[in-house]
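If you want the building blocks of each chain, they are given just below.
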Amino acid sequence: MKKKLKLGLFGFGCVGQGLYHVLTETHGVKAEIKKICVKNKNKARVIEASYFTYEAADILNDPEIDVVVELIDDAEAAFTIVKKAIENGKHVVTANKKMLAENLQEIYQLQQTYNRSILYEGAVCGSIPILRNLEEYYDNDLITSIEGIFNGSTNYILTKVFEEKKSYLEALKAAQDLGFAESDPSLDVKGFDPKFKLTIAIAHTFGVFIRPENIIHVGIQNISAVDLKYARENNLTIKLVARAYKINGSIVGFVAPQYIPSDHILAAVRNEYNAVLVEGAFAEKQVFIGKGAGSYPTGSAVLSDISALTFDYRYEYKKFTQDDGLPFCNEATVDVLISFPEGTLISHRDFETFKGGYQGKGYQYLQGSVQLQKLKEWAEWDEVSVILAPQINLTPASQPAAVERLSA
Ligand code: HSE
């Protein structure tokens, strides 16, 4: 039987406190918190003062501490902590999506070099056990797609705005108060956060490391009352969907809101719940649903990683080591519906195939298929709302240019 793991925590915010709680309530896990490093000396703490330190070295240089649990906000500082912890022979558990997405290949290398484990189930879709399933259950190259709702805050906002007719700002404030939103909520509403999660998921689904800035993302911040009305009148709802497909030897992935038919499985995923749909050549479609944000759900995913360390688990990145390194590509067209105030400089000429449009009450609506690059362009305009059609009809270019060629 293994000894009890001693943990050193960085950060004691929403997830840190959630972890403390679930660890205290879960008796089977052989782990205990030894020290917690925090920044703010003046903040009142809900647990004994003796747990806390303000010096990172008190954890990183403590030979008794086996595992560093990194739960801070700042991605750059988090990466420094993770590197130092691994160099000092400790395992790491983290839920920092941005830090992971921006440094994933180096994080993989660090584990190989120092023979230590870095686990991060809580970073992708909160409580949903997706990464270990991608690593262990889908341990082959037969997955053809991964898609779903990867952000709890935006799903919560869309649910409240759509079902309860709350204002966007009111719903955003509630998502912040409930601890779902990032401390900079534009990371949620503009689609950065689900993009970071998609970057991580792509590495474990297809075995490729890509840079998050190469994934095109559209947020929900420009969705307007006219879009909600259109959805209601057509038996649709709106969800922010992250997706990646293996098509013609490339990986195509992006994040954007989409009109979802009310009988589609994603339509039933409400509030802070997330969903991941995995499709494989033979298993066909499978769905995971669970809370994607919040103190205890994310704390429970972090605890599951700590528990996995008690039996020496590490991600093997088998698909990465087996595969030839598929290129990531953005050259494809998708079907969208866009709405914008009249006078905005967008016309049917921006579409590859224009399928119609109309004007009314100061707004213009256009529909058709566009290049993914157009989504990127429009996502940067205020007041242009870009929502994918219920059927996106993704069509890759016949000879796509790779955004980046990845090493195997
Ligand atoms: N802000 C994130 C979300 C937290 O809303 O999904 C969980 O990663």
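Residues numbered from 1 in each chain as written. Predicted model: local features only at pLDDT ≥ 70, side-chain atom pairs only at ≥ 80, totals over all residues. Heavy atoms only, no water.

## Let's talk about the pairing of strand 15 (residues 353–360)
Here is step 1 of the chain: Strand direction decides the pairing type here: strand 15 and strand 16 (residues 363–371), joined by seven bridges, are antiparallel. Across the sheet, the residue bridging to Q359 is Q364, located in strand 16.
Here is step 2 of the chain: Here strand 15 folds back onto strand 16 in antiparallel fashion, the turn holding two residues, of which K361 has a positive phi close to 50°. (Pairing = 2+ DSSP bridges. Helix = DSSP H or I, 4+ residues; strand = E, 2+ residues; numbered from the N terminus.)

## Some details on the site of the ligand
Here is step 1 of the chain: Every residue close to the ligand is listed here: K97, N151, G152, S153, F180, A181, E182, D188, D193, K197, G292 and A293.
Here is step 2 of the chain: One of the side-chain N or O atoms of N151 is found 3.4 Å from an oxygen atom in the ligand.
Here is step 3 of the chain: Here the ligand has 250 Å² of accessible area as a free molecule, and 93% of this is covered by the chains.
Here is step 4 of the chain: The set of elements that each furnish at least two residues to the shell around the ligand consists of helix 6 (152–163) and helix 9 (192–206).
Here is step 5 of the chain: Of the residues contributing to the shell around the ligand, the split by class is three nonpolar, four polar and five charged. (Near = heavy atom within 4 Å. Polar contact = N/O pair within 3.5 Å; in protein donor to acceptor, adjacent residues only side chain to side chain. Areas by Shrake-Rupley, 256 points an atom, 1.4 Å probe, with all protein chains shown as cover. Nonpolar A, V, L, I, M, F, W, Y, C, P; charged D, E, K, R; others polar.)

## Describing a nonpolar patch on the surface
Here is step 1 of the chain: Side chains of I265, Y273, V287 and I289 sit close together on the surface and give an oily, nonpolar patch of about 320 Å² of accessible area.
Here is step 2 of the chain: Tracing the chain through its elements places I265 in the loop between strand 10 (250–261) and strand 11 (273–280). (Patch = residues over 30% accessible without salt bridge, like charges linked within 9 Å, V, L, I, M, F, W, Y side chains within 5 Å. Salt bridge = Lys/Arg side-chain N within 4 Å of Asp/Glu carboxyl O.)

## Regarding a negative patch on the surface
Here is step 1 of the chain: Taken together, the side chains of D73, D74, E76 and D184 make up a negatively charged region of the molecular surface.
Here is step 2 of the chain: Turning to its location among the elements, D184 is positioned in the loop between helix 7 (168–177) and helix 8 (186–189). (Lys, Arg positive; Asp, Glu negative; His and termini not counted. Charge placed at Lys NZ, Arg CZ, Asp CG, Glu CD.)

## Describing the domain arrangement of the chain
Here is step 1 of the chain: Splitting the chain by domain gives domain 1 (5–119), domain 2 (140–217 + 231–290) and domain 3 (332–407).
Here is step 2 of the chain: When each unit is reduced to the centre of its C-alpha atoms, the spacing between domain 1 and domain 2 is 27 Å.
Here is step 3 of the chain: Opposite the 10 residues of domain 1 that make contact, domain 2 presents 12 residues.
Here is step 4 of the chain: When the area that domain 1 buries against domain 2 is broken down by residue, the three leading residues are K97, A101 and L104, summing to 54%.
Here is step 5 of the chain: Viewed at the interface, domain 2 and domain 1 are joined by two salt bridges.
Here is step 6 of the chain: Ionic pairing is found between K97 and D193, a salt bridge with its closest N-O pair at 2.9 Å.
Here is step 7 of the chain: The tally of links from domain 1 across to domain 2 stands at three residue pairs in polar contact (both at pLDDT 80 or more).
Here is step 8 of the chain: By residue class, the composition of the side of domain 1 that touches domain 2 is five nonpolar, one polar and four charged. (Domains from an automatic or database assignment. Contact = heavy atoms within 4.5 Å. Buried area = accessible area lost by both parts, 1.4 Å probe.)

## Some details on the packing of helix 6 against helix 7
Here is step 1 of the chain: As a packed pair, helix 6 and helix 7 sit with axes 9 Å apart at the nearest point and diverge in direction by 140°. Judged on the interaxial angle alone, helix 7 and helix 6 are oblique. Remark: the crossing between helix 6 and helix 7 carries right-handed chirality. Here S153, Y156, I157, K160 and V161 of helix 6 lie close against helix 7, whose contacting residues are Y168, A171, L172, A174 and A175.
Here is step 2 of the chain: Grouping the amino acids of the contact of helix 6 with helix 7 by side-chain chemistry returns eight nonpolar, one polar and one charged. (Axes fitted to C-alpha atoms, helices over the stretch in contact; angles between N-to-C directions. Parallel < 35°, antiparallel > 145°, perpendicular 65-115°, else oblique. Left-handed = near helix turned anticlockwise from the far one by under 90°.)

## Notes on the packing of aromatic side chains
In this description, a pair of aromatic rings is defined by centroid distance and the angle of the planes.
Here is step 1 of the chain: Following the criterion strictly, the structure yields 18 aromatic pairs and no others.
Here is step 2 of the chain: Consider the rings of F12 and Y20, whose centres lie 6.2 Å apart with planes at 80°: the pair is edge-to-face.
Here is step 3 of the chain: Seen in terms of ring centroids, Y120 and Y315 are 4.8 Å apart; in terms of plane orientation they differ by 65°. Their pairing is edge-to-face. You can see Y120 sitting in the loop between strand 6 (118–119) and helix 5 (131–137) and its partner Y315 sitting in the loop between helix 11 (295–310) and helix 12 (318–322), a full 195 residues away along the chain. There is no split in this pair, since Y120 and Y315 are both buried.
Here is step 4 of the chain: Seen from the ring of F52, R45 lies directly overhead, with NZ or CZ sitting 5.3 Å from the centre. (Phe/Tyr/Trp six-rings, centres within 6.5 Å; stacked < 30°, edge-to-face > 60°. Buried < 20%, exposed > 50% of the residue type's maximum accessible area, 1.4 Å probe, protein only. Lys NZ or Arg CZ within 6 Å of the ring centre and 35° of its normal.)

## Details of the nonpolar core
Here is step 1 of the chain: Residues L7, V69, Y120 and I202 are the most contacted members of the largest nonpolar core, which totals 105 residues.
Here is step 2 of the chain: In this structure, A332, F340, L388 and L394 belong to the second largest nonpolar core, which totals 25 residues. (Core = buried A, V, L, I, M, F, W, Y, C linked by side-chain atoms within 4.5 Å.)

## Some thoughts on the pairing of strand 11
Here is step 1 of the chain: The buried fraction of strand 11 is high, at six of eight residues.
Here is step 2 of the chain: Pairing of strand 7 (residues 143–149) with strand 11, which is carried by six bridges, proceeds in the antiparallel orientation. Counted as the bridge partner of I149 is A275 from strand 11.
Here is step 3 of the chain: Sheet topology note: the strand 11/strand 12 (residues 284–291) ladder contains eight bridges and is antiparallel. Paired with V278 across the bridge in strand 12 is Q286.
Here is step 4 of the chain: Between the end of strand 11 and the start of strand 12, which pair antiparallel, lie three residues.

## What about the packing of helix 4 (residues 97–114) against helix 9?
Here is step 1 of the chain: Across the interface, helix 4 lies against helix 9 with an axial gap of 9 Å and an inter-helix angle of 50°. On the basis of their axis angle, the class for helix 4 and helix 9 is oblique. When the axes of helix 4 and helix 9 are compared, the crossing they make is left-handed. Side by side, helix 4 and helix 9 meet where K97, K98, L100, A101, E102 and L104 of the first sit next to D193, F196, K197, T199, I200 and A203 of the second.
Here is step 2 of the chain: Split by residue class, the contact of helix 4 with helix 9 holds six nonpolar, one polar and five charged.

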